[in-house]
Amino acid sequence: MRSVTSAFLIFIFSLFSWGREAKPIALIYQGPGTCKGCSEAVGDIFKTMGLSFAYIKPGELSPENFKKSWIYVQPGGTDRIEDTLEALSKNEIQNLKNFVGDGGRFLGICAGGYLAGAWTDTTKKRAAFGLIPSIVEEESKDSKAKLEPIIWRGVSYWVYFQGGPQFKMNEIPRAESWAVYKNTGHSAGLITQFKKGFVGLLGPHFEAQEDWYKDDQLNSPDGYHTDLAREFIEALHSKQ
């Protein structure tokens, strides 16, 4: 998780449409609870894939905007996911759930992975998005940015990690594993179904670009892994 950004950029489009059957826009949340550069980094991934996207903020998660979209992205955020939950109305969260349940896609990265859970913590004081039935817990108590070893589809990588979650595969029906934390074996990435739609969750920041690593003085032995983020998005798109 990275520091809060106050800048809201809305509805920036590219010119490419992903196939006749795909809805034309990816909606990327950019509002309270996101971290500096996190929304933009995801936007850069969609841009390099030639895909249309728009940044969206609280008050804009409407049925009309979701009708323009095929995927909603909840990017990395601050240490307090309640900031996002407090910024969105109950109707907006329900609109999101309806969108995914009716066949849309949800991509949650780091803080977005926590928000996908049923509750914000084990005390169940506050409901989260409820796109998966379990509570999402942290992988590490250390909140500093670091390189974390993961195994992605059978191949080992070092990736950018900061306060990310781990997912309880045994509590998520039909979950398809994409990545595990090498040191613990916990799930670092998965795709599962929510009614007619699909939910993709990532703990580490696969969207992190070179400047992230440089800013935190992290020297990756095997480069940067935005290619894995693109692979994951393509898989979400192709799910039926």
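What counts, and where the lines are drawn
Residues numbered from 1 in each chain as written. Predicted model: local features only at pLDDT ≥ 70, side-chain atom pairs only at ≥ 80, totals over all residues. Heavy atoms only, no water. Helix = DSSP H or I, 4+ residues; strand = E, 2+ residues; numbered from the N terminus. Rg over C-alpha atoms; globule rule 2.2 N^0.38 Å. Buried < 20%, exposed > 50% of the residue type's maximum accessible area, 1.4 Å probe, protein only. Contact = heavy atoms within 4.5 Å. Areas by Shrake-Rupley, 256 points an atom, 1.4 Å probe, with all protein chains shown as cover. Lys, Arg positive; Asp, Glu negative; His and termini not counted. Charge placed at Lys NZ, Arg CZ, Asp CG, Glu CD. Salt bridge = Lys/Arg side-chain N within 4 Å of Asp/Glu carboxyl O. Disulfide = S-S within 2.5 Å. pLDDT = per-residue confidence, 0-100. Axes fitted to C-alpha atoms, helices over the stretch in contact; angles between N-to-C directions. Parallel < 35°, antiparallel > 145°, perpendicular 65-115°, else oblique. Nonpolar A, V, L, I, M, F, W, Y, C, P; charged D, E, K, R; others polar.

### Quick notes on the overall build of the protein chain
Inference 1: Within the protein chain, the regular secondary structure consists of seven helices and eleven strands.
Inference 2: Scaling as 2.2 N^0.38, a compact globule of 240 residues should have a C-alpha radius of gyration of about 18 Å, and the protein chain matches this with 16 Å.
Inference 3: Each principal axis of the C-alpha distribution contributes one length, and for the protein chain these read about 45 × 40 × 35 Å.
Inference 4: Classification of the 240 residues of the protein chain by burial places 55% in the buried group.
Inference 5: Considering only contacts within the protein chain whose residues lie at least 6 apart along the sequence, 70% involve residues at least 24 apart.
Inference 6: A total of about 10,700 Å² of accessible surface is found on the protein chain, and carbon and sulfur atoms cover 49% of it.
Inference 7: For the protein chain, the separation between the mean place of its 27 positive charges and that of its 28 negative charges on side chains is 6 Å.

### Here we look at the pattern of salt bridges
Inference 1: The final tally for this structure, using the stated rule, is nine salt bridges.
Inference 2: Residue Glu86 pairs with Arg80 through a salt bridge whose shortest N-O separation is 3.0 Å.
Inference 3: Among the charged side chains, a network of salt bridges with common partners joins Arg80, Asp83, Glu86 and Arg126.

### Some thoughts on the state of the cysteines
Inference 1: For the structure shown, the criterion picks out one disulfide.
Inference 2: In this model Cys35 forms its disulfide with Cys38; the gap between the sulfur atoms is 1.7 Å. Between Cys35 and Cys38, the disulfide has an S-S torsion of -85° and is therefore left-handed. For the pair shown, Cys35 and Cys38 are each scored as buried.
Inference 3: The cysteine Cys110 is free of any disulfide, with Cys35 supplying the nearest cysteine sulfur at 7.2 Å.
Inference 4: Looking at Cys110, the relative accessible area reads 0%, which means it is buried.

### Some thoughts on the confidence of the model for the protein chain
Inference 1: Taken over all residues, the pLDDT of the protein chain has a mean of 90, while the share at 70 or more is 90%.
Inference 2: This model gives residues 3-23 a pLDDT under 50, and the stretch forms 48 contacts once residues within four places in sequence are excluded.

### Section: the packing of helix H1 (residues 38-48) against helix H7 (residues 226-238)
Inference 1: Where H1 contacts H7, the two axes come as close as 10 Å, and the packing angle between them is 70°. The orientation of H1 relative to H7 falls into the category roughly perpendicular. Residues Ile45, Phe46 and Thr48 of H1 form the contact with H7, whose participating residues are Thr226, Ala229, Arg230 and Ile233.
Inference 2: For the contact of H1 with H7, the per-class residue count stands at four nonpolar, two polar and one charged.

### With respect to unusual backbone geometry
Inference 1: Non-glycine residue Arg174 carries a positive phi angle of around 60°.
Inference 2: Within the secondary structure, Arg174 is located in the loop between strand E8 (165-166) and strand E9 (176-181).
Inference 3: Assessed through its relative accessible area of 60%, Arg174 is described here as exposed.
Inference 4: Positive phi outside glycine occurs at Gln217, with the angle close to 55°.
Inference 5: On the basis of relative accessible area, Gln217 is assigned to the exposed category, the value being 70%.

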